Amino acid sequence: MITALINAKLLHAYRDSGTYVGANVDGQVCADEAYAVIVAGDYIRELVPVNQLPNDVDRTIDLGGNYLAPGFFDTQVNGGGGVLFNDAPTVETLIAMSEAHKQFGTSAMLPTLISDDLDVMRAAIAAVNGAIEQGVPGIVGIHLEGPFLNPARKGVHNANKFKVIDDEAFDILTSLKKGKTLVTLAPEQTDTQTIKRLADAGVVVAAGHTAATYEQTCQALDAGLTSFTHLFNAMTPMSSREPGVVGAALQSATSWCGIIVDGFHVHPATLAVAIAAKPKGKVVLVTDAMPTVGAAEKVFTLNGEVIRAENGRCATADDTLAGSDLDMLAAVKNTVNMVGIPLEEAVKMASQYPADMMGLGECMGRIAPGYRAQFTAFDADFNLVSIDKF
């Protein structure tokens with residue numbers, strides 16, 4: 001079936017590699033004519049002036065003048081819809097998580113396993129392989145956040161699960177047969193040879209929950225580390241005489257930094273400074289979402305501790321942050337309203353940039369011919385607008 005999406009303010013949309021036809025932050029169309037997005041099957045076929053629709057269009061979907069953006073890509077999703085990936089690393093859990101985050105515009109995600117035993121890691125990887133084989137919408141890989149972390153920066157992770165990367169662990173980290181693998185580790189808890197081996201095997205290596213020095217972090221970057229997990233949180237800060245992990249992350253022109261824009265993890269002014277310091281395209285929005293996202297129940301258990309989400313903030317009884325109650329559409333909204341980033345750029349931070357980080361930027365994260373037909377539609381108040389399934 002050939003479908004035309006019309007009457008939308010397009011964000012991050014291109015007729016080809018160089019012809020931009022999107023809308024600016026005020027919603028004004030940046031072209032002489034309005035454009036329709038023509039979808040054939042699972043892919044975008046072309047963008048054409050709305051008054052030149054092809055004859056083979058089977059149906060038209062009118063977006064009513066709302067925004068149409070690429071589907072969001074979340075690289076850090078611990079849970080959603082009342083389930084936590086660690087609790088039950090199964091295809092059924094991934095289906096529930098996918099459905100929960102789909103409500104908020106996320107069309108691609110990396111289910112994230114918080115530090116756990118090697119057998120649980122194996123089960124999680126098997127579940128992701130199975131979900132991709134079965135075509136579960138949105139599952140494009142896995143994020144293994146630990147257990148190769150530093151107890152000094154453990155956050156809510158269970159330090160009893162922490163390990164070093166030996167041959168058995170390396171084999172597990174490189175065992176995903178389908179999709180992409182992101183691994184968060186503490187660089188000072190391993191060696192540069194291991195980081196290089198992981199990167200050479202196709203793993204995207206990130207630093208997080210780390211007490212590394214600036215020098216250790218730079219060495220890891222040289223070895224193949226390309227990303228930083230939830231920048232500022234659970235890592236050595238930047239100071240006047242010790243740049244730390246944060247300083248190395250902001251100095252690096254080639255690495256990506258994930259940020260949680262929920263108003264709790266990092267002050268908006270600090271985020272604005274970090275975004276300004278990095279080249280465009282190198283800061284990605286993540287949710288670090290917990291089971292409470294898309295669920296009525298706002299209490300869950302992690303490592304035997306009760307976690308409560310109150311007013312959007314997830315924390316333990318001793319007030320340690322424990323992931324977030326954030327969805328990606330809210331993250332985009334906060335990036336615009338709290339941090340002052342233009343809408344178009346905030347959308348890229350939630351779509352194209354994470355796709356680029358994971359090596360998928362040539363097939364998802366833009367509204368352009370040949371890209372996957374994954375969209376997010378929302379109104380001026382950041383309410384999701386339903387699009388009929390095509």
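Computed from a predicted model, the values in this text were never measured in an experiment.

**Student:** Before we go on, may I ask you to explain the sheet that holds strand β19 (residues 313-315) in this structure?
**Tutor:** Within a sheet, adjacent strands bond to each other through the backbone by hydrogen bonds, running parallel or antiparallel. Spatial ordering of the open sheet is given by β17-β18-β19, a layout of three strands whose pairing is antiparallel. Both outer strands of the open sheet, β17 (299-302) and β19, are each paired with one neighbouring strand and no more. Here the strands of the sheet are splayed against their neighbours by 25° on average, with no regard to which way each runs. In the sheet, β17 pairs with strand β18 (residues 305-310) via four bridges, with the strands oriented antiparallel.

**Student:** When you look at the sheet that holds strand β2 (residues 9-10) in this model, what are you seeing that I'm missing?
**Tutor:** With mixed pairing, the three strands of this open sheet are ordered in space as β2-β6-β20. With one partner strand each, in any of the chains shown, β2 and β20 (375-378) form the two edges of the open sheet.

**Student:** Would you mind going over the nonpolar core with me for this structure?
**Tutor:** Core analysis: the largest hydrophobic core is formed by 91 residues, its most contacted members being Phe 73, Phe 85, Ile 259, Leu 285, Val 332, Leu 343 and Phe 378. At seven residues, helix α2 (residues 118-134) tops the list of elements feeding residues into this core. Ignoring sequence-local partners within four residues, the contact set of Phe 378 consists of Leu 11, Asn 66, Tyr 67, Ala 69, Phe 72, Leu 329, Leu 343, Val 347, Asn 383, Leu 384 and Val 385. Counting 20 residues, the second-largest nonpolar core is a separate cluster that includes Ala 8, Tyr 35, Leu 47 and Tyr 371.

**Student:** I keep staring at the pattern of salt bridges and nothing clicks. Help me out?
**Tutor:** Charged atoms that come close allow side chains of opposite charge to pair. All chains considered together, the criterion is met by ten salt bridges. Note that Arg 122 is salt-bridged to Asp 119, the shortest N-O span being 2.7 Å. Residue Arg 122 and its partner Asp 119 are located together in helix α2, separated by three residues, close to a single helical turn. Look at Arg 122 and you get partly exposed, because its relative accessible area is 34%. Here Asp 119 falls in the exposed class, since its relative accessible area comes to 57%. Between Arg 313 and Asp 319 there is a salt bridge whose closest N-O contact spans 2.7 Å. One continuous salt-bridge network, built from bridges that share partners, spans Asp 116, Asp 117, Lys 161 and Lys 163.

**Student:** Quick question: what am I supposed to make of the UniProt feature "domain: Amidohydrolase-related" (unreviewed entry) in the protein chain here?
**Tutor:** According to UniProt, the feature "domain: Amidohydrolase-related" (unreviewed entry) maps to residues 67-382 in the numbering used here. Within residues 67-382, the helical portion is 30% and the strand portion 20%, while the C-alpha atoms at the span's ends are 9 Å from each other.

**Student:** Just to check I follow, could you spell out the side chain of Thr 316 for this structure?
**Tutor:** Secondary-structure assignment places Thr 316 in the loop between β19 and α8 (328-337). Residue classification places Thr 316 among the buried residues on the basis of a relative accessible area of 7%. If we skip the residues at most four places from it in the chain, Thr 316 touches Val 156, Glu 305, Val 306, Ile 307 and Ala 322.

**Student:** Sorry, what's going on with helix α7 (residues 268-277) here?
**Tutor:** Owing to its 3.6 residues per turn, the α-helix brings residues three or four apart onto one side. Considered for burial, the residues of α7 that qualify are Leu 271, Ala 274 and Ile 275. End-on, the buried residues of α7 take up no more than an arc of 100°, which puts them together on one face. Exposed side chains of α7 directed beyond 90 degrees from the buried face belong to Val 273 and Ala 276. Residues of α7 that are buried sit in contact with α6 (244-251), β15 (256-259), β16 (283-285) and α9 (343-349).

**Student:** Sorry if this is basic, but what is going on with the UniProt feature "binding site: Zn(2+)" (unreviewed entry) in the protein chain here?
**Tutor:** Within this numbering scheme, the UniProt entry marks Glu 145, His 209 and His 230 as carrying the feature "binding site: Zn(2+)" (unreviewed entry). In summary, the annotated positions, though distributed over 86 residues, converge in three dimensions, the widest C-alpha pair being only 11.0 Å. Take Glu 145: it is sitting in strand β11 (residues 141-145). Ignoring sequence-local partners within four residues, the contact set of Glu 145 consists of Gln 76, Asn 78, Thr 112, Leu 113, Ile 114, Ser 115, His 157, Thr 184, His 209, Thr 229, His 230 and Asp 288. Mapping His 209 onto the fold places it in the loop between β13 (204-207) and α5 (214-223).

The rules we used
Residues numbered from 1 in each chain as written. Predicted model: local features only at pLDDT ≥ 70, side-chain atom pairs only at ≥ 80, totals over all residues. Heavy atoms only, no water. Pairing = 2+ DSSP bridges. Helix = DSSP H or I, 4+ residues; strand = E, 2+ residues; numbered from the N terminus. Axes fitted to C-alpha atoms, helices over the stretch in contact; angles between N-to-C directions. Core = buried A, V, L, I, M, F, W, Y, C linked by side-chain atoms within 4.5 Å. Buried < 20%, exposed > 50% of the residue type's maximum accessible area, 1.4 Å probe, protein only. Contact = heavy atoms within 4.5 Å. Salt bridge = Lys/Arg side-chain N within 4 Å of Asp/Glu carboxyl O. UniProt positions renumbered as here; feature names shortened; annotations may be inferred. Arc of directions from axis to C-beta.

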